[in-house]
Amino acid sequence: MVVSVEDARVPDAQPNLEVLVGTYEEFNLGFRLQLNVEGGLIFVPSFTNHSHCGSIRSVATCKQFLASGSTDESIRLFNLKTRSEYGFLQQHNGTITCLDFFQQSYLFSGSDDGNVCVWNTRTWNCEKTLKAHEGGVTAISVHPSGKLALTVGKDRAMKTWNLIKGRTAYVTNIKAVADSVKWSPDGTIWAVSINNIVNIYEVKSAGIIHTVDFKTRVNFVLFLNEDTLLIGGEGPNIESHSVTHRKPVSQFKAHEKRVKAAAITKLNASEELHLITASNDGFIKLWRIPEIPGEPCLVTQVDSTCRITCLSVWTEKNPSLSVQKDVKPLSAEARSSSSKLPIELSNPEKASPELKSLLKRKSVDKKTAIVKTTSGPFIAEPMKVRDDKRPRLTFKEKLTA
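Everything quoted here is computed from the prediction, not taken from an experiment. (Residues numbered from 1 in each chain as written. Predicted model: local features only at pLDDT ≥ 70, side-chain atom pairs only at ≥ 80, totals over all residues. Heavy atoms only, no water.)

A. How the structure looks around unusual backbone geometry. Despite not being glycine, E26 shows a phi value in the positive range, around 75°. Here E26 lies in the loop between β2 (17–23) and β3 (28–35). Residue N195 is not a glycine yet carries a positive backbone phi of 55°. Structurally, the position occupied by N195 is in the loop between β18 (189–194) and β19 (197–202). Classification of N195 as partly exposed rests on a relative accessible area of 38%. (Helix = DSSP H or I, 4+ residues; strand = E, 2+ residues; numbered from the N terminus. Buried < 20%, exposed > 50% of the residue type's maximum accessible area, 1.4 Å probe, protein only.)

Structure, rendered in structure tokens:
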């Protein structure tokens, strides 16, 4: 398929989309999509952070947060609205291999320790630890309903989880180590990739209804809709396949090297789908996807100069939204000697009325501190105001000059 380069003006308002990637070089990078002087779209660097001390394996976004998992066995949280480090989650004893948000409520994390942790995004407490796979979890996908989840691991098994009861519903022996698993948008089918093979399952029969041989190792599988899925891997091409007709529809060359990650999104209120791809050559590209089997159009691209490992897309639906209510806004600013990223929180004067009384308490100030760790400083503060008298962990360290 011939790939065209789009040279059209964008009639919509300023886009509110940001691409966030993790790299082998231990960096989290952000690129915001903006309008240039000619009315076209360009990627502009917007975010850089070096909090991890190992290569980043997975990133995920929801509302105002970016979560990144690394070989350093920790999950780092960043507030994308205030552009500040939010803290870290440490429950796993192995490399964080996969992260998946369900709506705005929960974060699911998988690790080489074989466990899946379920985190509440309001308190950031680990509410459940699932003993998933011996040898490690390779991928996780939560059903659109939030009632089920699929995990695959190094024990050559695929497990279906009943999230209402918090236990395994059934186990399928797939006789190989799967690399990824993905639900379709409506949750009627799902895809599992094993090396260069992609198996499509349906919920009705819980069996395989179609198999795709991609020829090279598969790095990602995305559903455009219930009938069409996109596959990318170690080669430079991306293929689209029809589940209903059981055949390939089209393919195009996306990058010069292997395509490492991709995501599907919409720009503003437009119903037209766009594809964002990232490669080991460092390039991030935005494609306009017409109706299949139409030719994709390259809208814009940027060179990150890093080896990209994972990708996520963050859309700020309402820029005027304030930070989440369970966080007490406090004024603080610190710069680490090892990082140039400032740590900032919003002005207390702009806090909601129900929080202003809490901000006046002297005990709150004492519980807030900037704690220096081996990975850099972070703000330690209570994550949620509790009405009961349960003990809470506080930090007594003070910022030294």
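B. Summary view of the sheet that holds β2. Ordered in space as β4-β3-β2-β29, the four strands form an open sheet in which the pairing is antiparallel. At either end of the open sheet lies a strand with only one pairing partner, and these are β4 (41–49) and β29 (308–315). With strand direction ignored, the average angle separating the axes of adjacent strands in the sheet is 25°. As defined by bridge partners, β2 adjoins β29 across seven bridges and the pair is classed as antiparallel. Its bridge partner lying in β29, G22 is registered against C310. (Pairing = 2+ DSSP bridges. Axes fitted to C-alpha atoms, helices over the stretch in contact; angles between N-to-C directions.)

C. Quick peek at the pairing of strand β7 (residues 75–79). β7 sits mainly inside the fold: five of its five residues count as buried. The alternating pattern of β7 places I75, L77 and N79 and R76 and F78 on opposite faces, both of which are buried. Of the pairings in the sheet, the one linking strand β6 (residues 65–70) to β7 comprises five bridges and is antiparallel in character. Residue pairing in the sheet places L66 in a bridge with F78 of β7. A loop of four residues connects β6 with β7, the two strands running antiparallel in sequence, and E73 in this loop sits at a positive phi of about 70°. Here β7 runs beside strand β8 (residues 84–89); their pairing, made up of five bridges, is antiparallel. Counted as the bridge partner of R76 is F88 from β8.

D. Main features of the sheet that holds strand β17 (residues 180–183). Pairing is antiparallel across the open sheet formed by four strands, whose spatial order is β17-β18-β19-β20. Two strands bound the open sheet, and with one partner strand each, they are β17 and β20 (208–213). This sheet shows a mean twist of 15° between the axes of neighbouring strands, independent of strand direction.

E. View of the packing of aromatic side chains. For the coordinates displayed, the defined rule picks out six aromatic pairs. Pairing F47 with F78 gives two aromatic rings, centres 5.7 Å apart and planes at 75°, and the pair type is edge-to-face. Of the two residues, F47 is situated in strand β4 and F78 in strand β7; the sequence distance between them amounts to 31 residues. By way of ring pairs, the aromatic residues F65, Y86 and W124 are connected into one cluster. (Phe/Tyr/Trp six-rings, centres within 6.5 Å; stacked < 30°, edge-to-face > 60°.)

F. Spotlight on the environment of V21. Note that V21 resides in strand β2. For the pair V21 and C310, spaced 289 residues apart in sequence, the C-alpha separation works out to 5.6 Å. Sequence-distant contacts of V21, that is, excluding residues within four places in its chain, are made with F27, N28, L29, I284, I308, C310 and L311. (Contact = heavy atoms within 4.5 Å.)

G. The pairing of strand β15 (residues 157–162), seen in detail. Burial runs high along β15: five of the six residues are buried. Relative to β15, strand β14 (residues 148–153) is paired through five bridges, and the arrangement is antiparallel. When the bridges of β15 are listed, L148 appears paired with N162. Connecting β14 to the next strand, β15, in antiparallel fashion are three residues, including R156 with a positive phi near 60°. Pairing of β15 with strand β16 (residues 167–173), which is carried by six bridges, proceeds in the antiparallel orientation. Its bridge partner being in β16, W161 is matched across the sheet by T168. Taking the residues that link successive antiparallel strands as the turn, the β15-β16 hairpin has four residues, and the phi of G166 there is positive, at about 70°.

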